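# Examination of the molecular architecture
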Amino acid sequence: MVNVSPDAKRTINRRNFLIGAATLSAGNVLATYDRILSGLLGTEYTHCIDEAKEYILARHGIEIPKPASIGTLPKGLSVTEPNKYELSRGLGLVMEELIKYPPLFLRQNGIKKIIFFSSIWSDEERLMGFASVSEECIAMCYNAEFFEHRREEYRRALHHELYHRFERFHNSVESENGIWKDFHSQDGYPQYQIYMPEENELPDNYFSYFSSKYGSTEPIEDRAGFAEQMMVSELYIKLLDRIQSEGDRQILKILLQKYEAMLGYYREWSGGLMDLSFWEDLKNDRITEGYFN
Ligand SMILES: [Zn+2]
């Protein structure tokens, strides 16, 4: 569904040069990051858009192609293109979030493109983004409404969609689904249900077994729900509080199994760099552009 446009090919040629330039000096990269980021958030943001795209490509190996390059959309999806204001703000948030992954992580875990839209609709439902099943690509929706009111939601949606790509890349979806369903295999535990019963028919603590209400629909969404909560420090603190204060031993056991599994995936996919000290630093908002240097 995602084709490589002539524009994207031109950008790839430029990448060779930029990777060379970006590796010259870590201090130089850091100055570039700060300068582009403040430019994107300033009044002269239109001048910084191409530079931000080049930076993301050089630093993370991810292209930001034009929306039209997505080609044929999956059935039932419709999109609108972002204007330059929306794109500049969206790029700024993406730059801030991508530095949380070790420098080679994104290159090695199945993500090569992020396509920006200002809205994405699936029939009547508005989406924050989606991850391609077969291509190394995600789409993100970003518009002025998110910039004013829903920045955290946007950050979490980005990590959610990236997580879907990592799993697809490692071809681990089916095997992990089996393991996560087994966490719920004991009698009386709630099961994943794509079509949930009416909420008033569910026991009070039904959703406590899962990362979120949406996470209770299927294991892949449960895992992506943990991913989005772990990668944003304020949400991560809330998640840890929730686990630590869980008074029901059965629920606690399941949450811990899931949390440990998530730590294991990130540790493995990062070659050990996303270890316990990394998570402690992320929780305390200490991951900066130069963190992994
Ligand atoms: Zn999802």
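Sequence order as written defines residue numbering, which begins from 1 separately in each chain. Reporting of local features is limited, given that this is a predicted model, to residues whose pLDDT is at least 70; pairs of side-chain atoms are given and counted only at 80 or more, and all residues count toward the totals for whole chains, interfaces and linings.

### Notes on the overall build of the protein
Rules: Every helix listed is a DSSP run of H or I at least four residues long, and every strand listed is a run of E at least two residues long, numbered separately from the N terminus. The burial label depends on the number of other C-beta atoms within 10 Å of a residue's C-beta. Counts of 20 or more mean buried, 12 or fewer mean exposed, and intermediate counts mean partly exposed, with C-beta atoms placed from the backbone. Think of it this way: build a C-beta for each residue from its backbone, and any pair within 7 Å is a contact.
Assigned secondary structure in the protein consists of twelve helices and six strands. Here the protein holds 293 residues, and the buried ones make up 34% of them. Expressed as a percentage of contacts within the protein between residues at least 6 apart in sequence, the contacts between residues at least 24 apart total 72%.

### Some words on the sheet that holds strand 5 (residues 129-131)
Quick note on the threshold: A pair of strands is labelled paired if DSSP reports no fewer than 2 bridges between them. To obtain each axis, a line is fitted to C-alpha atoms, and for helices this fit is confined to the stretch in contact; angles are then taken between N-to-C directions over 0 to 180 degrees.
The strand order 2-6-5 describes an open sheet built from three strands, whose pairing is mixed. The open sheet has two free edges, formed respectively by strand 2 (113-117) and strand 5, since each of these has just one partner strand. Pairwise comparison of adjacent strand axes, ignoring direction, gives a mean angle of 15° for this sheet. With three bridges joining them, strand 5 and strand 6 (residues 137-141) adopt antiparallel strand pairing. Counted as the bridge partner of Phe130 is Ala139 from strand 6.

### Some thoughts on the environment of Trp279
Mapped onto the fold, Trp279 is located in helix 12 (residues 276-283). Under the C-beta neighbour-count criterion, Trp279 is labelled partly exposed, with 17 such atoms within 10 Å. The spacing of Trp279 and Met231 is 48 residues in sequence and 8.8 Å in space, taken between C-alpha atoms.

### Details of the packing of helix 7 (residues 151-170) against helix 9 (residues 219-230)
What counts, and what does not: Angles are sorted into four bins: roughly parallel if under 35 degrees, roughly antiparallel if over 145, roughly perpendicular if 65 to 115, and oblique for all others. Each crossing gets its hand from how the near helix is turned against the far one by less than a right angle, where anticlockwise is left-handed and clockwise is right-handed. Residue type decides the class: Asp, Glu, Lys and Arg count as charged, Ala, Val, Leu, Ile, Met, Phe, Trp, Tyr, Cys and Pro as nonpolar, and the leftover types, Gly among them, as polar.
Contact pair helix 7 / helix 9: the axes reach a minimum separation of 8 Å and the direction vectors enclose 130°. Here helix 9 runs oblique to helix 7, going by the angle between their axes. The two elements helix 7 and helix 9 cross, and the hand of that crossing is right-handed. Judged by residue contacts, Arg156, Ala157, His159, His160, Tyr163, His164 and Glu167 of helix 7 engage Ile220, Arg223, Ala224, Ala227 and Glu228 from helix 9. A class-by-class count of the residues in the contact of helix 7 with helix 9 yields five nonpolar, three polar and four charged.

### Examining the packing of helix 9 against helix 11 (residues 249-269)
Here helix 9 crosses helix 11 at 70°, and the two axes come no closer than 10 Å. Taken together, helix 9 and helix 11 sit at an angle that is classed as roughly perpendicular. Of the residues in helix 11, those touching helix 9 at Arg223, Phe226, Ala227 and Met230 are Lys258, Tyr259 and Met262. In the contact of helix 9 with helix 11, the residues fall into five nonpolar, no polar and two charged.

### Overview of the sheet that holds strand 4 (residues 125-127)
Read from one edge of the open sheet, three strands run 1-3-4, paired in antiparallel fashion. Two strands close off the open sheet at either side, each with one partner strand: strand 1 (77-80) and strand 4. Each neighbouring strand pair of the sheet contributes to a mean axis angle of 30°, computed without reference to strand direction. Bridge analysis of strand 3 (residues 119-122) against strand 4 gives three bridges, and the strand direction is antiparallel. Its bridge partner being in strand 4, Ile120 is matched across the sheet by Leu127.

### Considerations on the nonpolar core
Across soluble globular proteins, nonpolar side chains show a tendency to be buried alongside one another. Going by this rule: By definition, a nonpolar core groups buried Ala, Val, Leu, Ile, Met, Phe, Trp, Tyr and Cys residues that are joined through C-beta atoms within 7 Å. Domain start and stop points were drawn from an automatic or database domain assignment.
With 53 residues, the main nonpolar core has Ile56, Ile114, Phe116, Ile138, Ala139 and Met140 as its most contacted residues. Looking at this core element by element, the count peaks at six residues for helix 7. Both of domain 1 (6-145) and domain 2 (173-283) provide at least three residues apiece to this core. Other than its neighbours up to four places away in sequence, Ile138 contacts Ile111, Ile114, Gly129, Phe130, Ala131, Ser132, Glu161, Leu162 and Arg165.

### With respect to the confidence of the model for the protein
The test is simple: Think of pLDDT as the predictor's per-residue confidence, scored from 0 to 100.
The pLDDT averaged across the protein works out to 87; a share of 90% of its residues lies at or above 70. In the predicted structure, residues 1-24 sits below a pLDDT of 50 and forms 38 contacts with residues beyond four places in sequence or in another chain.

### Focus on unusual backbone geometry
With a phi close to 50°, Asp123 is a non-glycine residue in the positive phi region. With respect to the helices, strands and loops of the structure, Asp123 is situated in the loop between strand 3 and strand 4. Of note, Asn171 is a non-glycine position whose phi angle comes to about 55°, a positive value. Checked against the element boundaries, Asn171 lands in the loop between helix 7 and helix 8 (173-182).

### With respect to helix 4 (residues 84-98)
Our working definition: Expected helix span is computed as 1.5 Å times (number of residues minus one).
In this model, helix 4 (15 residues) spans 21 Å end to end at C-alpha, consistent with the 21 Å of a helix rising 1.5 Å per residue. Of the residues making up helix 4, those classed as buried are Glu86, Leu87, Ser88, Arg89, Gly90, Leu91, Gly92, Leu93, Val94 and Leu98.

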